[in-house]
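Now for the letters of each chain:
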Amino acid sequence: MKSKIICIAFALISSISIAQSKVGTVDSEYIISLMPETKVVSERSQNYGAKLDSSFTLKVETYKAKIEAFKKNEKTLGELAKQAEYTELAEMEADIKKYQQNGNQLMQLKQDELMRPLYTRLSNAITTVAKANKYTQVLTLTGNEFAYIDNDFDITELVLKSLGIAIPVETEK
């Protein structure tokens, strides 16, 4: 009798362990840093940054020259002319600040644009490895995000149905 109970318990434990999901991790940033294309992306990003910097430098030099000219002529200018110069200098300064902010945003957009193919390639490789090794979920080490998850474990549709929300139908583009 004990042997039958032990066999049944063993079979039950075996079936539970087989049904469990297999979770893995991946250091995506480390892999990206080792990809040869990363050097090309870095060079292109630096070249783009240099172009933006040269335009920024021209604006700053023009602004500095305008300030120097104003300082030289300040005593000879009338009150209305001084006020006009102050306004122009303030506008130039605001323009420089705005250009700098836009430049930072443009750099981030360019970096994202250049890195997107690398992340797509990495994602495809993770999916291939995960499916080949029967992983149901793969988490990234940086950010703790899912790099891959088996769709059989996605409960999104069940939650939507539970909430009474209709699932939108995808249309092909």
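Cut-off values and rules
- Residues numbered from 1 in each chain as written.
- Predicted model: local features only at pLDDT ≥ 70, side-chain atom pairs only at ≥ 80, totals over all residues.
- Heavy atoms only, no water.
- Phe/Tyr/Trp six-rings, centres within 6.5 Å; stacked < 30°, edge-to-face > 60°.
- Helix = DSSP H or I, 4+ residues; strand = E, 2+ residues; numbered from the N terminus.
- Lys NZ or Arg CZ within 6 Å of the ring centre and 35° of its normal.
- Axes fitted to C-alpha atoms, helices over the stretch in contact; angles between N-to-C directions.
- Parallel < 35°, antiparallel > 145°, perpendicular 65-115°, else oblique.
- Salt bridge = Lys/Arg side-chain N within 4 Å of Asp/Glu carboxyl O.
- Buried < 20%, exposed > 50% of the residue type's maximum accessible area, 1.4 Å probe, protein only.
- Contact = heavy atoms within 4.5 Å.

*Asks:* I'm lost on the packing of aromatic side chains in this one. Help?
*Replies:* Within a pair of aromatic rings, the relevant descriptors are the distance that separates the centres and the angle that separates the planes. Applying the stated criterion across every chain, the model contains two aromatic pairs. A centroid spacing of 6.2 Å and a plane angle of 10° characterise the contact between Phe56 and Tyr99, whose relative ring orientation is stacked. With a gap of 43 residues between them, Phe56 in helix α3 (residues 37-73) and Tyr99 in helix α4 (residues 79-132) connect regions that are remote in the sequence. When the ring centre of Tyr135 is taken as reference, the NZ or CZ atom of Lys22 above it lies at 4.5 Å. Across the ring face of Tyr48, the terminal group of Lys110 is positioned such that the distance to the ring centre comes to 5.3 Å.

*Asks:* Help me understand the packing of α3 against α4 in this model?
*Replies:* A pair of packed helices is characterised by two quantities: the angle between their axes and the separation of those axes. Running from amino to carboxyl end, α3 crosses α4 at an angle of 180°, the nearest separation of the two axes being 10 Å. One way to sum up the angle between α3 and α4 is to call them roughly antiparallel.

*Asks:* How should the pattern of salt bridges be read in this particular structure?
*Replies:* A pair can form between side chains of opposite charge whenever their charged atoms are brought close. Per the counting criterion, the structure on display carries six salt bridges. Glu37 is the salt-bridge partner of Arg121, the closest N and O atoms lying 2.5 Å from each other. With a gap of 84 residues between them, Arg121 in helix α4 and Glu37 in helix α3 connect regions that are remote in the sequence. Between Lys59 and Asp95 there is a salt bridge; the shortest N-O distance is 3.0 Å. Separated by 36 residues along the polypeptide, Lys59 in helix α3 and Asp95 in helix α4 bring together distant segments of the chain. A residue is classified by how much of its surface remains accessible, and Lys59, at 28% relative accessible area, is partly exposed. Residue classification places Asp95 among the partly exposed positions, given a relative accessible area of 36%. Look at the salt bridges and you will find they share partners, linking Lys66, Glu85 and Glu88 into a network.

*Asks:* How do you make sense of the environment of Arg121 when you look at a structure like this?
*Replies:* Judged by relative accessible area, which is 47%, Arg121 ranks as partly exposed. Along the primary structure Arg121 and Ile32 are separated by 89 residues, whereas in three dimensions their C-alpha atoms are 9.8 Å apart. Apart from the residues lying within four places of it in its own chain, the contact partners of Arg121 are Met35 and Glu37.

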